[in-house]
Protein chains: 4
Amino acid sequence: MPQATVDRASEFLGGLFTSLTERGRSLFKSSSDQPKSKDELIALGEALLSRRGEATGVAMAHQLLSGYDGAAEDDQLGFLDALAEQFGPDLAELTAAVENFHVSGASPDAASQLLKAAEPRRQELIRRLNLAPGGTASLVRMREAVLTHLRDHPQLRNVDDDFVHLFTSWFNRGFLVLQRIDWTTPANILEKIIRYEQVHAIRNWDDLRARLAPADRRCYGFFHPQLVDEPLIFVEVALTLDRPGAIAPLLDLERAPISPKDATTAVFYSISNTQKGLAGISFGNFLIKQVVEEIKRELPNVQSFVTLSPVPGFAKWLKQERADEASALLDDSARAELAVLDAPDWQDDPERADHIKPLLLPLAAAYFLQAKNARGLPLDPVARFHLGNGARLESLNFLGDRSPNGMRQSHGLMVNYLYALGEIEANHEAFAERAQIAAASAVRKQLPSKPLSSEPRKTNGKTSAPLAIAPPA
Amino acid sequence: MPQATVDRASEFLGGLFTSLTERGRSLFKSSSDQPKSKDELIALGEALLSRRGEATGVAMAHQLLSGYDGAAEDDQLGFLDALAEQFGPDLAELTAAVENFHVSGASPDAASQLLKAAEPRRQELIRRLNLAPGGTASLVRMREAVLTHLRDHPQLRNVDDDFVHLFTSWFNRGFLVLQRIDWTTPANILEKIIRYEQVHAIRNWDDLRARLAPADRRCYGFFHPQLVDEPLIFVEVALTLDRPGAIAPLLDLERAPISPKDATTAVFYSISNTQKGLAGISFGNFLIKQVVEEIKRELPNVQSFVTLSPVPGFAKWLKQERADEASALLDDSARAELAVLDAPDWQDDPERADHIKPLLLPLAAAYFLQAKNARGLPLDPVARFHLGNGARLESLNFLGDRSPNGMRQSHGLMVNYLYALGEIEANHEAFAERAQIAAASAVRKQLPSKPLSSEPRKTNGKTSAPLAIAPPA
Amino acid sequence: MPQATVDRASEFLGGLFTSLTERGRSLFKSSSDQPKSKDELIALGEALLSRRGEATGVAMAHQLLSGYDGAAEDDQLGFLDALAEQFGPDLAELTAAVENFHVSGASPDAASQLLKAAEPRRQELIRRLNLAPGGTASLVRMREAVLTHLRDHPQLRNVDDDFVHLFTSWFNRGFLVLQRIDWTTPANILEKIIRYEQVHAIRNWDDLRARLAPADRRCYGFFHPQLVDEPLIFVEVALTLDRPGAIAPLLDLERAPISPKDATTAVFYSISNTQKGLAGISFGNFLIKQVVEEIKRELPNVQSFVTLSPVPGFAKWLKQERADEASALLDDSARAELAVLDAPDWQDDPERADHIKPLLLPLAAAYFLQAKNARGLPLDPVARFHLGNGARLESLNFLGDRSPNGMRQSHGLMVNYLYALGEIEANHEAFAERAQIAAASAVRKQLPSKPLSSEPRKTNGKTSAPLAIAPPA
Amino acid sequence: MPQATVDRASEFLGGLFTSLTERGRSLFKSSSDQPKSKDELIALGEALLSRRGEATGVAMAHQLLSGYDGAAEDDQLGFLDALAEQFGPDLAELTAAVENFHVSGASPDAASQLLKAAEPRRQELIRRLNLAPGGTASLVRMREAVLTHLRDHPQLRNVDDDFVHLFTSWFNRGFLVLQRIDWTTPANILEKIIRYEQVHAIRNWDDLRARLAPADRRCYGFFHPQLVDEPLIFVEVALTLDRPGAIAPLLDLERAPISPKDATTAVFYSISNTQKGLAGISFGNFLIKQVVEEIKRELPNVQSFVTLSPVPGFAKWLKQERADEASALLDDSARAELAVLDAPDWQDDPERADHIKPLLLPLAAAYFLQAKNARGLPLDPVARFHLGNGARLESLNFLGDRSPNGMRQSHGLMVNYLYALGEIEANHEAFAERAQIAAASAVRKQLPSKPLSSEPRKTNGKTSAPLAIAPPA
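Just so it is clear, the model here is predicted, and its values are computed rather than measured. (Residues numbered from 1 in each chain as written. Chains lettered and ligands numbered in written order. Predicted model: local features only at pLDDT ≥ 70, side-chain atom pairs only at ≥ 80, totals over all residues. Heavy atoms only, no water.)

Some details on the UniProt feature "domain: Malonyl-CoA decarboxylase C-terminal" (unreviewed entry) in chain A
Within this structure's numbering, the places UniProt gives as "domain: Malonyl-CoA decarboxylase C-terminal" (unreviewed entry) are residues 174-419 of chain A. Annotation note: span residues 174-419 of chain A, helix share 37%, strand share 18%, distance between end C-alpha atoms 23 Å. (UniProt positions renumbered as here; feature names shortened; annotations may be inferred. Helix = DSSP H or I, 4+ residues; strand = E, 2+ residues; numbered from the N terminus.)

Details of the side chain of C:Arg218
Residues and elements named next belong to chain C. Checked against the element boundaries, Arg-218 lands in strand S2 (residues 217-223). Side-chain polar atoms of Arg-218 contact the side chain of Glu-298, separated by 2.7 Å. Arg-218 has contacts with Arg-180, Val-235, Glu-236, Val-237, Leu-239, Pro-260, Glu-298 and Leu-299, leaving out every residue within four places of it along the chain. (Polar contact = N/O pair within 3.5 Å; in protein donor to acceptor, adjacent residues only side chain to side chain. Contact = heavy atoms within 4.5 Å.)

Description of the nonpolar core
The biggest cluster of nonpolar side chains holds 218 residues, and the ones touching the most others in it are C:Phe171, C:Phe368, D:Phe171 and D:Phe368. If you look at the next biggest cluster of nonpolar residues, it comprises 216 residues, including A:Leu48, A:Leu166, A:Ile281 and A:Phe398. (Core = buried A, V, L, I, M, F, W, Y, C linked by side-chain atoms within 4.5 Å. Buried < 20%, exposed > 50% of the residue type's maximum accessible area, 1.4 Å probe, protein only.)

Here we look at the domain arrangement of chain A
Residues and elements named next belong to chain A. Partitioning chain A into domains gives domain 1 (1-27), domain 2 (31-170), domain 3 (174-307) and domain 4 (314-464). Using only C-alpha atoms to locate each centre, domain 3 and domain 4 end up separated by 26 Å. A buried area of about 1400 Å², summed over both sides, lies between domain 3 and domain 4, and 59% of it is on carbon and sulfur atoms. Between the two partners, domain 3 and domain 4, sit one salt bridge. For Arg-243, the salt bridge goes to Glu-394, with nearest N and O atoms at 3.8 Å. (Domains from an automatic or database assignment. Buried area = accessible area lost by both parts, 1.4 Å probe. Salt bridge = Lys/Arg side-chain N within 4 Å of Asp/Glu carboxyl O.)

Notes on unusual backbone geometry
Its identity is not glycine, yet A:Ala435 carries a phi of approximately 55 degrees, on the positive side. On the accessibility criterion, A:Ala435 (22% relative accessible area) is partly exposed.

A look at the packing of aromatic side chains
Under the counting rule described, the total for this entry stands at 47 aromatic pairs over all chains. A ring pair is formed by A:Trp205 and D:Trp183, whose centres lie 5.6 Å apart and whose planes are at 70 degrees; its orientation type is edge-to-face. Linking A:Trp205 in helix H13 (residues 205-212) with D:Trp183 in the loop between strand S1 (177-180) and helix H12 (187-196), this pair reaches from one chain into another. Judged by its relative accessible area of 7%, D:Trp183 is buried. A connected cluster of aromatic rings, assembled from ring pairs, spans A:Phe163, A:Phe167, A:Trp170, A:Phe171 and B:Phe175. The ring of A:Tyr196 is capped by A:Arg195, whose NZ or CZ atom sits 5.9 Å from the centre of that ring. (Phe/Tyr/Trp six-rings, centres within 6.5 Å; stacked < 30°, edge-to-face > 60°. Lys NZ or Arg CZ within 6 Å of the ring centre and 35° of its normal.)

Focus on the pairing of strand S7 (residues 392-397) of chain B
Both faces of the sheet carry side chains from a regular strand, because those side chains alternate between them. Residue and element names in this part refer to chain B. In terms of burial, S7 is a largely internal element, six of the six residues being buried. By the bridge criterion, five bridges tie S7 to strand S8 (residues 414-418) in an arrangement that is antiparallel. When the bridges of S8 are listed, Leu-393 appears paired with Tyr-417. (Pairing = 2+ DSSP bridges.)

Here we look at the environment of A:Glu46
Residue and element names in this part refer to chain A. In this fold, Glu-46 is placed in helix H3 (residues 38-49). Each C-alpha atom, one on Glu-46 and one on Gln-86, is 9.6 Å from the other, the two residues being 40 residues apart in sequence. Leaving out residues up to four positions away in the same chain, Glu-46 has contacts with Gln-86, Phe-87 and Arg-121. At 2.6 Å, the side chain of Glu-46 forms a polar contact with the side chain of Arg-121.

Points about the UniProt feature "domain: Malonyl-CoA decarboxylase N-terminal" (unreviewed entry) in chain A
Here the UniProt feature "domain: Malonyl-CoA decarboxylase N-terminal" (unreviewed entry) sits at residues 87-171 of chain A. Its end C-alpha atoms 23 Å apart, residues 87-171 of chain A is made of 75% helix and 0% strand.

Quick notes on the pattern of salt bridges
For the structure shown, the criterion picks out 102 salt bridges over all chains. Here A:Asp207 and A:Arg211 are joined by a salt bridge, their closest N and O atoms 3.4 Å apart. Pair noted here: A:Asp207 and A:Arg211 are both in helix H13, with a separation of four residues, about one helical turn. Neither A:Asp207 nor A:Arg211 differs from the other in exposure class; each is buried. A salt bridge links D:Arg322 to D:Asp342, with the nearest nitrogen and oxygen atoms 2.8 Å apart. Here D:Arg322 is found in helix H16 (residues 314-323), whereas its partner D:Asp342 is found in the loop between helix H17 (332-338) and helix H18 (350-369), with 20 residues between them in sequence. Given the relative accessible area of 55%, D:Asp342 is considered exposed. One salt-bridge network, held together by shared partners, links A:Glu197, A:Arg203, A:Asp207, A:Arg211 and A:Glu236.

And the structure:
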């Protein structure tokens with residue numbers, strides 16, 4: 001018999017959030033919402049920080065934000081620059097606090113005084129701007145502009161720091177809410193899923209439906225009470241009978257769904273951040289862990305949690321290796337062999353594909369396990385994300401993504417990361433403290449043991465000839 | 001025909017907040033929720049700030065907070081002290097930043113570096129504790145404890161500053177939601193209204209019903225998405241045909257409600273903060289203004305927005321004046337006359353009451369308009385609140401509150417403050433910048449013009465004999 | 001981690017039902033809502049059935065119902081009588097259909113024609129009255145009036161039949177929704193629980209809270225979409241460690257709740273119908289079965305589902321037996337002994353209670369198993385309800401209810417009925433077809449085997465002396 | 001400031017309806033849901049009507065309906081036939097009742113007895129089938145099958161009558177809820193809007209978005225609590241500055257929306273029933289009237305409520321007129337002229353279009369005002385619907401719909417019906433009682449006054465030469 005009782009306390013809240021939606025915000029539109037000049041914006045900012053601002057804070061914050069939103073780009077940029085300069089800390093007060101600290105010694109009180117004196121006035125200004133209906137969304141967009149201009153306006157770096165400081169408090173994980181997204185979700189949310197999907201583009205509503213509606217599909221996002229019609233991040237999940245190596249069967253519009261009760265594996269095949277203005281405030285780690293909990297509760301038979309992930313940096317790295325005559329990974333014959341990768345549609349020629357596979361997978365293993373960036377971490381950003389979360393590199397999948405984008409960025413390579421609950425903490429610590437990479441032995445075995453060549457060998461430990469040892473520089 | 005369509009986007013959110021309710025939190029209870037010793041709590045705090053904490057932050061934050069909640073008071077206090085000392089800023093780093101600032105001069109970058117170095121480690125710790133389900137509520141309680149111990153543990157002042165800093169961000173007005181509270185509100189919320197009412201105690205559920213259910217009553221509160229079953233502040237409103245001078249008729253269980261369509265006046269007769277742990281983070285100003293907007297939209301015929309307010313400091317101040325032989329406000333005959341105030345139940349004797357009224361009201365006018373605290377502001381805290389919001393002292397109501405509490409704190413005096421929309425900003429600025437008090441001329445006319453005596457005169461400017469001028473010290 | 005995702009489709013509906021609530025209905029009040037005379041009501045009824053009624057049906061239905069609600073009792077009764085007479089079937093048409101049937105024979109078409117011709121015009125009138133906002137609630141009240149007047153106005157019997165016919169469709173179980181009622185339920189619903197409780201009166205809100213808020217208590221009701229702020233029937237449930245024999249410990253305000261996870265037994269200790277106007281349209285059977293399903297899903301460890309039930313007819317029956325000198329159940333000594341039941345507060349005297357117990361329980365067994373009404377069914381109405389549902393009489397509890405009402409109606413006796421899922425269907429059939437009563441052998445063993453006397457013996461089938469067979473008359 | 005308070009009573013209900021949604025129903029799927037043979041279905045039906053059915057009604061109803069849904073078409077049809085025959089009235093009982101009526105005369109009691117005896121057993125069976133979760137939806141589909149087979153199985157007529165009888169009660173307007181449908185509506189509802197739109201096909205989600213999301217568009221539907229993810233009927237509305245004559249500008253994806261505050265006119269441009277199984281249970285009348293109320297409340301400046309309607313029967317009728325040599329409407333030259341209507345894409349040739357217009361509009365006027373069906377009503381079904389609701393035929397719009405479908409069914413003609421609130425009742429009565437058609441004088445003036453010919457004249461009553469009177473036969 002179906003479940004019919006629910007938690008009433010949550011229903012009580014159902015109507016609380018109208019004011020925070022697009023429709024709610026539109027109610028607030030008024031005739032004073034004129035675009036403003038840079039000087040008007042600055043004057044409004046000063047007024048909002050003044051005593052007068054206390055009496056009419058909400059209206060004034062709204063006026064400034066809507067005036068900014070409509071302003072010419074030059075005026076916007078002028079306002080951002082003013083945030084950096086005019087709305088910095090009170091330097092006289094700060095200098096006095098420093099003197100005091102210098103003189104009286106590093107007491108907690110002196111430190112506390114310093115902390116207050118060092119706080120830029122723009123922090124309070126941003127807090128007051130957040131009074132406006134829809135203020136948070138406007139401020140996220142404003143920071144997106146700060147990021148855009150950072151290269152040419154380095155003075156905005158401090159402004160950005162303050163945005164990050166405040167957003168870190170406002171978007172604290174404790175304020176985020178996990179929400180399942182499915183075919184009964186409002187269309188205005190769903191169209192954003194289409195727009196924001198970054199990994200495997202959603203072509204249209206039929207494609208979206210195929211990812212949300214079938215019984216063996218799940219999608220979850222984090223929402224913030226102040227940005228209710230915007231998922232901050234979302235993950236798409238397929239429930240399967242085993243660990244998949246390729247993306248196309250998962251996205252096939254014609255596939256037959258399985259019963260969720262039969263599923264043993266949950267595959268995280270796409271995870272997308274949505275708000276550029278929240279760059280650097282990380283949610284993905286929490287999202288994956290909470291979704292794992294969620295699925296475990298709903299479907300106890302699902303025991304294996306893996307990703308099916310792209311390898312966005314592989315093709316670029318390999319191109320550099322191929323160009324680098326000093327590379328110890330490749331000998332001349334291998335280089336010649338790899339030319340096939342430059343041929344269009346080589347992946348559709350089974351013979352060529354079979355031939356290149358035993359070359360490509362060891363190179364991929366080297367890319368993940370040996371190639372490092374300046375900080376000693378894996379080159380691949382997706383690898384850094386999942387390994388940093390405590391996942392393990394579980395397998396390399398040749399031609400897992402035959403889409404144009406997949407071929408371009410990784411010669412079709414996809415990988416699985418495994419979230420093994422018992423190992424997450426240890427993996428995380430080893431990676432965070434010693435940059436040590438958790439990888440399945442099957443992956444480690446694919447590492448080349450000497451410069452790769454085109455001589456006969458077998459892959460996956462099956463039939464490969466011994467490989468030359470080729471530790472990367 | 002009744003309204004049947006609603007904002008769907010808000011409904012989408014209806015279920016989002018289960019995890020934040022009491023019931024949701026109870027789901028999270030686990031066997032590891034043991035009381036912890038001070039040392040365990042500190043160790044958990046350090047772990048949560050370490051790299052290891054990143055992987056299992058939610059669980060660890062929950063463990064610390066539930067361990068703290070169950071801990072002995074000594075252990076709790078020990079943990080708070082550790083917050084003050086062990087989790088302060090990194091003094092070495094801070095000293096270096098100060099040196100740098102001292103040497104290289106007050107550049108924005110040096111200021112920014114100082115700001116970071118001066119941030120106590122406990123700020124990040126508190127942010128991470130907020131990851132736990134129900135974390136915000138626990139932290140509000142923790143700060144309540146900080147406030148309790150402040151007198152005996154002055155080192156907690158800096159801890160309190162950090163709580164205020166973070167709560168100011170978290171409880172930014174932009175994150176609060178106005179919610180009407182009525183007889184269809186869930187009982188678990190309503191019992192908190194009974195518990196938290198601070199002005200005119202709610203005796204039982206019948207009393208509560210009489211304040212919420214009739215068509216001419218309103219109640220509104222601010223809620224925070226993270227504390228969904230706790231109103232942060234609420235205001236009770238009566239819709240009336242004129243400005244009331246006494247509270248008893250408003251609270252009378254037997255009164256006949258009027259039709260809201262006939263009402264011309266909205267009377268804010270009780271406003272209560274609920275969370276001691278949020279002391280100093282002010283919402284009342286915003287609440288009153290938003291409720292005014294709300295009522296204006298619903299009932300355009302309501303044109304007058306007044307309070308019916310207690311005068312909590314009047315009796316205490318008058319006692320001091322009577323004891324102070326140097327007081328220029330009272331001559332001997334007036335002092336003798338005022339002895340009636342010490343008689344029990346004098347208010348029930350019409351003759352005595354009539355006699356004392358023309359003495360008491362001028363004293364009340366002096367109390368509001370002339371008596372000042374050390375900062376030059378009115379002595380009365382309720383007056384400071386409403387005048388600071390931009391309201392005007394509109395009238396003095398003799399024996400407006402005959403309850404024991406009303407007689408005790410103010411000899412029965414109540415007052416109305418008027419929120420005149422066109423004046424609010426000017427009133428606020430005049431008060432904030434020049435401590436200038438907005439008062440109706442009818443109130444000003446009641447000021448005594450010479451030491452008050454018991455000689456025949458009339459009040460309310462009608463037939464009173466001229467009073468001596470008696471400016472207070 | 002707490003559950004945070006919900007069924008969105010249900011949220012979509014959250015706002016659908018405003019129009020059906022008390023508040024919604026109040027919006028519809030208009031100046032034309034005047035009390036109406038009998039003749040006006042009848043004229044409105046005719047107009048509503050006419051062509052003109054099609055164009056303005058909603059308004060006209062509202063006018064009639066609000067006019068009826070406000071009308072004098074004589075006018076109301078006059079309208080009900082008109083329903084019986086003026087709004088009966090079209091007798092001419094019916095006579096023609098009968099003729100046709102008579103002549104042409106009992107074909108399905110002739111039967112169908114008869115069915116149409118025999119439908120009284122008031123059925124369509126009642127359907128049209130239901131167009132009004134709140135119409136269903138008004139019609140339920142109207143039928144309550146019909147029932148009240150039935151004895152003196154026997155012609156209303158046919159009107160009642162039509163109400164039952166329509167209500168049976170409208171309140172079909174398929175349209176009812178099971179809803180858990182707890183401490184987060186809106187207060188306007190909860191006050192109705194207090195008002196409607198029929199078995200163990202709820203004294204005040206604290207008593208209500210003690211029945212709803214603890215973790216080991218449940219309450220469920222059926223709601224109808226058209227009567228959303230009215231539970232139609234509700235049941236109160238205690239989760240316990242064993243089958244209770246007395247009500248007081250369950251209702252004790254000071255008791256310590258147990259963890260629901262430890263509970264093995266769900267006790268249905270109160271079930272109340274709420275709408276007199278729905279008398280005869282039965283929901284209790286469905287409610288108990290669905291609540292059993294609900295609890296089984298939530299708490300798999302709960303294996304035993306029993307009631308703790310009153311015995312409303314026992315004292316009355318026993319009085320008759322005692323008065324009936326021909327009763328084969330009692331000999332003179334037993335009659336004398338039973339006089340103790342007439343003493344006030346005998347239950348508080350352990351000696352008397354111990355003495356009367358072995359007399360009273362066999363009589364109770366006889367009351368349940370042998371005493372029958374005219375239809376051959378048990379005298380006790382509660383027994384007929386639960387036995388008819390397929391439950392089994394499981395045990396007789398001496399002094400299970402020491403409240404004045406319990407002493408008065410059943411000399412303190414309570415009983416348990418057991419809902420054993422595997423037996424329900426067989427029990428139901430045996431009872432429905434052969435009036436066969438399912439009872440535990442422990443109950444059967446308590447049957448007296450000869451006229452009861454005061455001679456020494458023991459109860460509960462343990463060591464009692466043989467009792468004479470004493471079939472009731 | 002945005003609206004933030006809502007009706008809490010409606011939120012309380014938010015979760016009530018999970019059990020009624022697609023997802024809820026899917027939870028109920030069980031292993032016993034096997035397709036059933038005709039004989040099994042009939043046996044289940046008999047069991048459900050028996051005493052045994054009372055104990056396990058819900059499960060048995062579910063079994064029958066899911067068994068029917070999965071059954072072969074022959075078995076389904078066999079079951080429907082059994083409904084007609086085996087589950088008819090008890091003819092013996094009915095014959096007895098007829099006898100009694102015949103003998104004892106037409107008393108109300110005899111009529112009541114007849115009514116009961118004439119009720120076919122299938123009525124109770126259908127009521128019991130409705131116990132199953134999702135039962136109502138299954139029964140609506142079952143009646144759709146009845147309608148499909150009616151022509152070949154005339155015995156199903158009586159079954160259909162019983163479905164109509166019950167559905168009329170269950171889908172009483174009082175149980176329907178008006179719900180606005182917009183871009184925040186769940187996608188599973190929206191895809192049904194796409195599927196069910198019958199007037200101007202919705203090509204894709206972009207087209208849907210253009211009809212729902214802009215500020216000057218509205219869509220409303222009636223929902224039933226038991227069929228929550230199915231709109232029963234919906235209407236699409238455009239808010240405009242004047243009465244439109246053509247559909248294409250309204251549906252133009254590129255058009256610029258206006259502010260709803262500026263709108264003076266609400267245009268109902270599409271109204272679609274969705275459930276074939278509810279044919280004959282009419283909602284459209286109520287829907288339009290309630291939407292008018294809804295818009296009037298939201299936008300008081302909207303004063304004019306018109307449709308922009310298709311004319312589905314015009315081309316067919318005109319073809320007959322042209323073929324009918326006896327037609328008094330057309331002379332030979334007109335017939336010749338009208339040949340242009342047979343040319344493909346004549347509407348794109350301005351010259352031809354200008355030429356044919358003064359011929360076509362008088363014919364349209366005649367089609368609406370003079371052509372009648374067998375019951376003396378207008379030929380056009382859309383006209384019958386709106387005129388029957390009390391609307392007035394307001395204007396004839398040449399080439400209002402240039403889509404292939406529009407050209408095919410009405411040579412591009414569209415019309416406006418005006419819902420003038422003050423006239424609705426009078427119009428309705430005149431139409432219902434005297435088949436009198438409400439039409440604007442501008443339309444009446446377009447009636448041809450003699451057989452139409454191709455001679456020079458002008459239309460719109462402005463400068464046309466006198467036309468011969470040509471009343472249709």
